[in-house]
Amino acid sequence: MLRARVATACRVHRSLPPSLRHARHASSLKLNSVGAEDIAYFSKILPPTSIISSLSSTPAAADELDQFNSDWIGRFKGHSTTVLKPKTTQEVSQIVKWCNDRKIGICPQGGNTGLVGGSVPVKDEVIVNLANMNKVRSFDPISGILVADAGCILQNLTDYVAPHHHIMPIDLGAKGSCQIGGNVSTNAGGLRLLRYGSLHGTVLGLEVVLPDGTVLDQLTTLRKDNTGYDIKQLFIGAEGTLGIVTGVSILTPPAPQASSNVILALPTFKNVLPLYQTVKRELSEILSAFEFIDRTAYDLAVKHGQGRALTEEEIDGAECFVLVETSGGRREHDEEKLNGLLENLLTADEPLINTGFVSLWALREGVTEAVSKEGKAYKYDISIPLSTFEDVVNSTREHLRSKGLLHEKAVKAVLGYGHVGDGNLHLNIVADAFLPEIQDALEPYIYEVVQSLRGSVSAEHGIGAMKTHALPYSKSQVSIGLMKKIKDVFDPNGIMNPGKVLE
Ligand SMILES: Cc1cc2nc3c(=O)[nH]c(=O)nc-3n(C[C@H](O)[C@H](O)[C@H](O)COP(=O)(O)OP(=O)(O)OC[C@H]3O[C@@H](n4cnc5c(N)ncnc54)[C@H](O)[C@@H]3O)c2cc1C
């Protein structure tokens, strides 16, 4: 069945109109390396502190460059000789124009917390790191519209709007390092998507330096603007392949007056969906997150000190856990609703949960970190029907077992956690080391499973360098053909984040 689908996809490709079939592959064009002439130019437009290069007159040490060339999970490594840290949009524009004229590849980099190898070069592209573009440009406490440089760290923006009783519409475990420009470029999801929707809705405007150095100023603060094509949407989730985002205008919601979290221990995964239905029905407008962690993920989080461990009595043999968050306008009202829910759940004839406790986000947020402390992680963030979450985790484990790879020297753990409310499963395979035999066992196996469920190979982390070959499992050849044409329109020389998103 799966083979038949793949064969159909190939036939579709051959029958495409020539205009789509022959869309040029910008990212495969030949690019040049940085040389002395380039460093001399960069030195004219940037102060010495904004240039980190092994080619400059005061060469950077290898380990200084290494941190920019290595990704967060330690799986992808670039070989850039030069990192540039501009402070203004004008500086970004001058760098990009020069690189385009000289056909030098650019890897835009935010907080470098991406999990798909998008933020480090595939070869020796110049890294343009946005960390120095870190100013809030304006905030309107009436409308809640924030305009900020792309390099602002998410946590700093959260802290900035807090005294005005607003919150950022996005929140994720990497908030202390990731930047708003990186969030926009990956269309990051995170923990608040259920309540506030995706960045495609909350981002109102962008300022982008296009691959020829032109500054596209669409930094509007309008809630409504129906003047033709909404070009900014193309950059949300483009992973730096269409330009460098330098400014972001975003709608920040009012901070909820009251917020509570409970962690629920479930005897079996089968109860997650009925529980979700019940919780949605009983909490309705105050439900703001519904996250699940399987037992293996919980054990790893606790082992690596993320959040408070429950006692054995509290766990009571639970197979998985659900974290429910409420956010609302009146504490007494919300607490009453939450307590009512817990009471109903615990006193039901056939209880869906073993126990429920007031909790903090640390446990759920800490799973990603715990996984990386445990070993090398193969991370798949997939969108699949909720009813298949458990089967997919279990069948992946069994698949690895059947290949003889489930033991201490190879795969140590297979676990699942994620945003139930968004249909997003994080399937993680933790190994002793990144090994070709594990990679071969996992791919295309997982992508074929996703395709058979009509899911997405990336719910929120993006494609990066990791999944360029996997796009056809989620997108039709017509879509991929159009993506290549769009890439060619913006970036005919293929300088912008080559080797990412499109092969
Ligand atoms: C502990 C942890 C928890 C996480 N939780 C979540 C989660 O819940 N949800 C989620 O979606 N992700 C999550 N992530 C992944 C990651 O944090 C997000 O993808 C985040 O949005 C990346 O932001 P960044 O600034 O670090 O971007 P980077 O990692 O630096 O870059 C990511 C991509 O965006 C491009 N890029 C960065 N800045 C710009 C720019 N200014 N202009 C153009 N392109 C740019 C890069 O080239 C790259 O392709 C998590 C990561 C960690 C480590």
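About the criteria used
Residues numbered from 1 in each chain as written. Predicted model: local features only at pLDDT ≥ 70, side-chain atom pairs only at ≥ 80, totals over all residues. Heavy atoms only, no water. Near = heavy atom within 4 Å. Polar contact = N/O pair within 3.5 Å; in protein donor to acceptor, adjacent residues only side chain to side chain. Areas by Shrake-Rupley, 256 points an atom, 1.4 Å probe, with all protein chains shown as cover. 1 Å grid on protein atoms, 1.4 Å probe; cavity = no way out; pocket = protein on both sides within 12 Å on 5 of 7 lines; lining within 4 Å. Sits in = over half its atoms within 2 Å of the grid points. Nonpolar A, V, L, I, M, F, W, Y, C, P; charged D, E, K, R; others polar. Pairing = 2+ DSSP bridges. Helix = DSSP H or I, 4+ residues; strand = E, 2+ residues; numbered from the N terminus. Domains from an automatic or database assignment. UniProt positions renumbered as here; feature names shortened; annotations may be inferred. Points joined across faces, edges and corners; volume = space filled by probe spheres on them. Axes fitted to C-alpha atoms, helices over the stretch in contact; angles between N-to-C directions. Parallel < 35°, antiparallel > 145°, perpendicular 65-115°, else oblique. Contact = heavy atoms within 4.5 Å. Phe/Tyr/Trp six-rings, centres within 6.5 Å; stacked < 30°, edge-to-face > 60°. Buried < 20%, exposed > 50% of the residue type's maximum accessible area, 1.4 Å probe, protein only. Lys NZ or Arg CZ within 6 Å of the ring centre and 35° of its normal.

A. Spatial organisation of the site of the ligand. For the ligand, the set of nearby residues contains 36 residues, the closest of which are Pro108, Gly110, Gly111, Thr113 and Gly114. At a separation of 3.3 Å, an oxygen atom of the ligand approaches a polar backbone atom of Gly118. Here the ligand loses 97% of its free accessible area of 970 Å² to cover by the protein chains. The pocket occupied by the ligand, as judged from atoms lying within 2 Å of grid points, is the largest pocket. Per-class residue counts for the shell around the ligand are 11 nonpolar, 23 polar and two charged.

B. Structural detail: the pairing of strand β8 (residues 215–218). Pairing of strand β7 (residues 203–209) with β8, which is carried by four bridges, proceeds in the antiparallel orientation. Within β8, the residue paired with Glu207 across the bridge is Asp217. What sits between β7 and β8 in their antiparallel hairpin is a turn of five residues, with Gly213 showing a positive phi close to 95°.

C. Looking closely at the domain arrangement of the protein chain. When its domains are assigned, the protein chain resolves into domain 1 (31–129), domain 2 (136–251), domain 3 (258–363) and domain 4 (375–461). Just the C-alpha atoms count here: the centres of domain 1 and domain 3 sit 45 Å apart.

D. Main features of the UniProt feature "domain: FAD-binding PCMH-type" (unreviewed entry) in the protein chain. Taking the numbering used here, the UniProt-annotated feature "domain: FAD-binding PCMH-type" (unreviewed entry) corresponds to residues 76–255. Along residues 76–255 the backbone is 23% helical and 22% strand, and the end-to-end C-alpha distance reaches 38 Å.

E. Geometry of the layout of surface pockets. Approximately 960 Å³ is the volume found for the largest pocket. The wall of the largest pocket is formed by 50 residues, among which Thr113, Gly114, Leu172, Ala174 and Cys178 lie closest to the centre. Secondary-structure elements contributing two or more residues to the lining of the largest pocket are β3 (106–109), α7 (180–186), β9 (244–251), α15 (362–365), α16 (367–374) and β15 (411–419). Counting residues per element, the lining of the largest pocket draws most heavily on α7, which supplies five residues. Considering only enclosed or pocket space, the second largest pocket measures out at about 710 Å³ in volume. In terms of lining, the second largest pocket is formed by 33 residues, of which the most central are Ile236, Gly237, Glu239, Lys475 and Met483. Here the residues of the lining of the second largest pocket are counted per class, giving 13 nonpolar, 14 polar and six charged.

F. Highlighting the packing of helix α12 (residues 295–303) against α16. Here α12 crosses α16 at 75°, and the two axes come no closer than 8 Å. Taken together, α12 and α16 sit at an angle that is classed as roughly perpendicular. Note on element contacts: α16 touches α12 through Val367, Ala370, Val371 and Glu374, opposite Ala297, Leu300, Ala301 and Lys303. Of the residues assigned to the contact of α12 with α16, the class counts are six nonpolar, no polar and two charged.

G. Summary view of the packing of aromatic side chains. Scanning the entire structure with this criterion turns up 11 aromatic pairs. Arranged with centres 5.5 Å apart and planes meeting at 85°, the rings of Phe235 and Phe490 form a pair that is edge-to-face. Pair noted here: Phe235 is in helix α10 (residues 232–235) and Phe490 is in helix α20 (residues 477–490), with a separation of 255 residues, a long-range link. Aromatic side chains Phe269 and Phe292 sit 5.2 Å apart centroid to centroid with 75° between the ring planes, which places their arrangement in the edge-to-face category. You can see Phe269 sitting in the loop between β10 (258–266) and α11 (272–283) and its partner Phe292 sitting in strand β11 (residues 287–294), a full 23 residues away along the chain. Residue classification places Phe292 among the buried positions, given a relative accessible area of 1%. The positively charged end of Arg75 is found above the aromatic ring belonging to Phe434, 5.5 Å away from the centroid.

H. Local environment of the environment of Gly237. Mapped onto the secondary structure, Gly237 falls in the loop between α10 and β9. Note: C-alpha distance between Gly237 and Gln439 (202 residues apart in sequence) is 26 Å. The contact partners of Gly237, leaving out residues within four places of it in the chain, are Val184, Ser185, Thr186 and Asn187.

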